[in-house]
Every structure is written in structure tokens, then in C-alpha cells.
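# Analysis of the macromolecular model
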Amino acid sequence: MNVKDRINSIKSTAYYKSANLHIHSTYSDGKCSFESLVDQGKLLKLEHMSIVDHNSVEGWRNFNTKDYNFLITGVEFDCFYKGTLLHILGYGIDPNHPDILNICAKSKKETQYDIVRLFKSRHPKKVINAIHNAGGIAVMAHPCCCWVINLDSFTKSLKNLGLDGIEVYYPYKRHRGIIKFHSRKKIKDLAIKHNLVMTGGTDEHGSLIKQYES
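Residues numbered from 1 in each chain as written. Predicted model: local features only at pLDDT ≥ 70, side-chain atom pairs only at ≥ 80, totals over all residues. Heavy atoms only, no water.

## Considerations on helix H10 (residues 184-193)
Selection criterion: Each residue is assigned to one of three classes by its accessible area relative to the maximum for its type, calculated with a 1.4 Å probe on protein chains only: buried under 20%, partly exposed between the two thresholds, exposed over 50%. Only DSSP runs of H or I with at least four residues qualify as helices, and only runs of E with at least two residues qualify as strands; both kinds are numbered from the N terminus onward. By arc we mean the arc of the directions from the helix axis to the C-beta atoms, nothing more. A contact between two residues is defined here by any heavy atoms of the two lying within 4.5 Å.
Taken as a whole, H10 has its buried residues at Ile 187, Leu 190 and Ala 191. Buried residues of H10, viewed axially, fall in a sector of 100°; they line one side. Every exposed residue of H10 that faces more than 90 degrees away from the buried side is listed here: Lys 185, Ile 192 and Lys 193. Next to the buried residues of H10 lie helix H8 (151-160), strand S6 (165-169) and strand S7 (197-200). Phi for Asn 195, located one or two positions after H10, is positive at around 55°.

If you want it as C-alpha cells, here you go:
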């Protein structure tokens, strides 16, 4: 099953429970190691899980995922488009593909600090093309936080660049909840209107065990 079909097969009720496609490790700005997060996901019996470090696929390159069928390779790139900072997730990518490595961070700071990542942001067309060339699908992350008046037009423009999906099942906690400009219902309506894959995850930067126990 290809990654698009696999993600499409995940029921909306599975997100935050048995499916979490937005997690960060110490390879970017997370607090838990890549290996620890995989172990936690296995302990929690997650059926679908993706670690999407900012501008880095080093976790996937350094970890043998052969015996972990619940994992989906992933990455989250910082982009700047039409005067707006946005994040694009790549799922099902080959982490060793040269097009992906070419746009990945060249220093640790480019995976951690917001101000550095802002000035090192990429054009979404380049990111989307790289993700597709690496065999994956491109998804807009936490779209409620996109500071655009016409999100419909913005989403359509990204789809014209090759966008495949949009993050619908996202909790908007911490600072994301404060800077939220659009409703989750609107995002789901846009996904349906533009025939986009719907994904989701908690954007966890700490322990999965603690998150699922809370």
C-alpha cells in the first residue's frame, strides 16, 4: 500500500489514539530521542506513527526501521509563501533521496530555533517537488495558524503547486492555540473541497507516554 492510500485508510477517530503523524525528536526541537519515541510508540501500540523533525531526516537515516511496520517516514519543512510562513510535512519519503537532503538543514540551529528557521525557509514548490521526487506526499501542517485572509485561495494555490494533503486532526495547544486564525471545521471543509488527503497528529515535542497518559 502506498503512503497516500495508507493515510487515507486511517479513520478520523484514530488520531490522537492509535495514529499520530506529527512528532518531534531531539534531531530537531523535541526532548526525546528518536529511538525512545519509537519505543514509546510500540509500547502504546500505535498503528501509524511519524516523526517529522524540522528540516531534518537524520533520525530516519540513522535508525533501522525494518521491523517497525507502524512507522511512516516523515519530515517538516519551513516554507515562506505569499508573505506567509507555513510548514509542509512530507510523508512516505525516501530519507536518503538527494532532493530531500539538498533542502535539509545544514546546521543544528536550522532545526531548532524559530528565527533561524524563518531566515532559512524554502519555497513550497521546491519542497513539494523534492517530497514527490522522494516518493512521498506533501501536506500543509497546522493550517489554522496560516495568517492569510483567504485560506481557500491560499490552499488552492498550494494545490496547484502539487500539495497533496492538509492537517485536519490537530489539537492546537500551546502557542498554536493562541495564534489560531481559522477553525478546524473550515480546514476539513477545505480538504473536502480541494480533494486533499486529511492527516493529523499532536505535534508532540516531549514524551508520548506522558501525553497519552494525560
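Additional details are given in the paragraphs that follow.
## Notes on the side chain of Glu 110
As a reminder of what qualifies: When charges are tallied, Lys and Arg are placed among the positive residues and Asp and Glu among the negative ones, while His and the ends of the chain are skipped. Salt-bridge detection follows one rule: a side-chain nitrogen of Lys or Arg within 4 Å of a carboxyl oxygen of Asp or Glu.
Relative to the helices and strands, Glu 110 resides in helix H5 (residues 109-112). We note that Glu 110 is buried and unpaired, the nearest opposite charge coming from Arg 122 at a distance of 4.4 Å. In this structure Glu 110 touches His 54, Asn 55, Ala 105, Val 116, Arg 117, Lys 120 and Arg 122, once residues within four positions along its chain are discounted.

## A closer look at the nonpolar core
Note the threshold: In this text, buried Ala, Val, Leu, Ile, Met, Phe, Trp, Tyr and Cys residues form a nonpolar core when linked through side-chain atoms within 4.5 Å.
One finds Ile 7, Leu 86, Tyr 91, Ile 100 and Phe 154 to be the most contacted residues of the largest nonpolar core, which totals 48 residues. With residues near it in sequence (within four places) discarded, Phe 154 still touches Tyr 81, Lys 82, Thr 84, Leu 86, Met 140, Cys 146 and Val 148. In this structure, Leu 46, Met 49, Ile 51 and Trp 60 belong to the second largest nonpolar core, which totals 14 residues.

## Here we look at the sheet that holds S6
Formally: Two strands qualify as a pair provided that DSSP identifies no fewer than 2 bridges between them. For every element, the axis is a line fit to its C-alpha atoms; helices are fit only across the contacting stretch, and the angle between N-to-C directions ranges from 0 to 180 degrees.
The sheet built from 5 strands is open, its strands ordered S3-S4-S5-S6-S7 with mixed pairing. Both edges of this open sheet fall to strand S3 (74-81) and S7, since each of them pairs with a single strand only. Taking each pair of neighbouring strands and ignoring which way they run, the sheet shows an average axis angle of 40°. Pairing analysis gives 2 bridges linking strand S5 (residues 137-140) to S6, with the strands arranged parallel. Counted as the bridge partner of Val 139 is Gly 165 from S6. Each of S6 and S7 touches H10; the most contacted strand, S6, lies at about 145° to it.

## Comments concerning a nonpolar patch on the surface
What counts is decided by this rule: Patch membership is restricted to residues that have no salt bridge and whose relative accessible area is over 30%. Joining uses 9 Å for like charges and 5 Å for the nonpolar side chains Val, Leu, Ile, Met, Phe, Trp and Tyr. With residues, only the protein chains shown are counted as cover, and all accessible areas are computed by Shrake-Rupley using a 1.4 Å probe.
Residues Phe 80, Leu 85, Leu 118 and Phe 119 make up a contiguous nonpolar surface patch of roughly 400 Å² in combined accessible area. The residue Phe 119 is located in helix H6 (residues 114-119) in this model.

## Observations concerning the pairing of S6
Each regular strand displays side chains that alternate between the two surfaces of the sheet. Burial analysis of S6 places 5 of its 5 residues in the buried class, which makes it a mostly covered element. Bridge analysis of S6 against S7 gives 4 bridges, and the strand direction is parallel. What sits directly across from Gly 165, in S7, is Val 197.

## Some remarks on H8
Counted only if it meets this: The definition of a polar contact used here is a pair of N or O atoms within 3.5 Å, where within protein one atom must be able to donate a hydrogen and the other to accept one, and adjacent residues in sequence count solely through side-chain atom pairs.
Looking only at H8, the buried set comprises Leu 151, Phe 154, Thr 155, Ser 157 and Leu 158. An end-on view of H8 places all buried positions within 160° of arc, on one side of the element. The inward-facing, buried residues of H8 abut S3, strand S4 (84-91), helix H7 (124-133), S5 and H10. Between a side-chain oxygen at the N-terminus of H8 and the backbone nitrogen of Asp 152 the separation is 3.3 Å; the capping residue is Asn 150. Just beyond H8, the residue with positive phi is Gly 162, at close to 115°.

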